Amino acid sequence: MEKSTKMGSNLTGIDMSPIDSKAMIEGAEQYTNIDQKHEDGYSYEQIRRQYIQDSDAVGSVPLPGSIKGAFKSMMDKLKGNNPEMLINKLGERLAFERTGVRFYESFILKCEAKLKEQGIRVPMDELREIRDEELEHFQMLKKAIESMGADPTAMTPDADVSGVAAMGVQQVLNDPRTTISQCLQMLVIIESTDNAAWEVLIKLTEDLGLDDMTAQFQQALRQEESHLHRVKAWYEEAVRTQAKKSMSMSH
Ligand SMILES: [Fe+2]
């Protein structure tokens, strides 16, 4: 059985100390009151609202240098449509696929270190194959961005935001204590996001009439669908295997 599900010395629940729980509930009620005023007389909600209204966007889209020939031919293809959102989303996909390679590297390492010990079956050759496909997607996106005359090394706003969103996944995968099934759950999260994001990107390139890109991206989506299908199956098997083991231990 993986360590995560061992019964034992967990003291986090309120039942562990009924005496302290009353004080804890009182404290929670006192400090989570949203009408509570800051010392300058504004409520915290008013202050947060003000920050939201006053703040700038996360970064900006780096536009291609107009002197480049690639940019002109891309603008001809776009027929007056704005390339900004496409560049933003291509940059996001590129960042995500690059991170995906690292996530799989982390998981492969985890499996090499723990797989036998935990008695869970995850085919290592398939993991490496998926990692390699994420890398191919990254390289394909790099070329797509360059074909627009844009810079694939630039961080776009949605690349930034999706990087922030993936930080929790990264922490779980790189924590030496986490189990194979906990990490597989993270892979289900990233592959689900991957699938949804490719679907959006394909709709976008279809709208813009970029047929070559659309065809390439559809091929990537088919691979991502297979990734999701496989990591979900491994995850389910890992969880169910442990549940069966722990049931048989308790009887
Ligand atoms: Fe994937």
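Here the structure is a predicted model, which means the values were calculated and not measured.

Asks: Just checking my understanding: could you explain the overall build of the chain for this structure?
Replies: Each helix and strand in the chain was counted, giving 9 helices and 0 strands. Helices and strands appear in the chain in the N-to-C order α-α-α-α-α-α-α-α-α. Residues classed as buried in the chain amount to 37% of the 251 residues present. Carbon together with sulfur atoms contributes 55% to the accessible area of the chain, which is approximately 15800 Å² in total.

Asks: Even after reading the chapter, I still don't get the coordination of the iron ion, so can you show me in this structure?
Replies: In an ideal tetrahedron of four donors about a metal, each angle is 109.5 degrees. In an ideal octahedron of six donors, the angles are 90 or 180 degrees. In the first shell of the iron ion, the protein supplies E134 (OE), E191 (OE), E191 (OE), E224 (OE) and H227 (ND1), at 1.9 to 2.6 Å from the metal. Here the donor residues of the iron ion are spaced in sequence according to E-x56-E-x32-E-x2-H. Of the two residues, E134 is situated in helix α5 (residues 124–147) and H227 in helix α9 (residues 211–250); the sequence distance between them amounts to 93 residues. Of the residues examined, E134 reaches a relative accessible area of 1% and is grouped as buried.

Asks: What am I meant to see in the nonpolar core here?
Replies: If you look at soluble globular proteins, the nonpolar side chains tend to sit buried side by side. Counting residues in hydrophobic clusters, the biggest one holds 26 residues, and the most contacted among them are F107, V122, L127, I180 and L184. Among the elements of the structure, α4 (84–118), α5, α7 (167–174), α8 (180–207) and α9 are those that each provide at least two residues to this core. When sequence neighbours within four positions are dropped, the list of residues in contact with F107 reads V122, L127, L173, I180, C183, L184 and L187. M148, L210, F217 and A220 belong to the second-largest nonpolar core, a separate cluster that totals 23 residues.

Asks: Would you mind showing me how to read the environment of D160 here?
Replies: Relative to the helices and strands, D160 is located in helix α6 (residues 157–165). A sequence separation of 101 residues divides D160 from G59, and the C-alpha atoms of the two residues are 8.0 Å apart. Among all residues touching D160, those that are not within four sequence positions of it are V58 and M155.

Asks: Would you take a moment to explain the packing of α7 against α8 for this structure?
Replies: Following both chains from N to C, one finds α7 and α8 inclined at 155°, their axes separated by 9 Å at the closest point. In this view, α7 runs roughly antiparallel relative to α8, as classed from their interaxial angle. For α7 against α8, the interelement crossing comes out left-handed. On α8, the residues touching V169, V172 and L173 of α7 are Q182, C183, M186, I189 and I190. Along the lines of polarity and charge, the residues of the contact of α7 with α8 split into 7 nonpolar, 1 polar and no charged.

Asks: Even after reading the chapter, I still don't get a negative patch on the surface, so can you show me in this structure?
Replies: On the surface, a cluster of negative charge is contributed by E206, D207, D211 and D212. Among the secondary structure elements, those contributing two or more residues to the negative patch are α8 and α9. Inspection of the secondary structure assignment puts D212 in helix α9.

Conventions used here
- Residues numbered from 1 in each chain as written.
- Predicted model: local features only at pLDDT ≥ 70, side-chain atom pairs only at ≥ 80, totals over all residues.
- Heavy atoms only, no water.
- Helix = DSSP H or I, 4+ residues; strand = E, 2+ residues; numbered from the N terminus.
- Buried < 20%, exposed > 50% of the residue type's maximum accessible area, 1.4 Å probe, protein only.
- Areas by Shrake-Rupley, 256 points an atom, 1.4 Å probe, with all protein chains shown as cover.
- Donors = N, O, S within 2.8 Å, 3.2 Å for Na, K, Ca; no water.
- Core = buried A, V, L, I, M, F, W, Y, C linked by side-chain atoms within 4.5 Å.
- Contact = heavy atoms within 4.5 Å.
- Axes fitted to C-alpha atoms, helices over the stretch in contact; angles between N-to-C directions.
- Parallel < 35°, antiparallel > 145°, perpendicular 65-115°, else oblique.
- Left-handed = near helix turned anticlockwise from the far one by under 90°.
- Nonpolar A, V, L, I, M, F, W, Y, C, P; charged D, E, K, R; others polar.
- Patch = residues over 30% accessible without salt bridge, like charges linked within 9 Å, V, L, I, M, F, W, Y side chains within 5 Å.
- Salt bridge = Lys/Arg side-chain N within 4 Å of Asp/Glu carboxyl O.
- Lys, Arg positive; Asp, Glu negative; His and termini not counted.
- Charge placed at Lys NZ, Arg CZ, Asp CG, Glu CD.

Without other data, these values stay purely geometric and don't point to any function.
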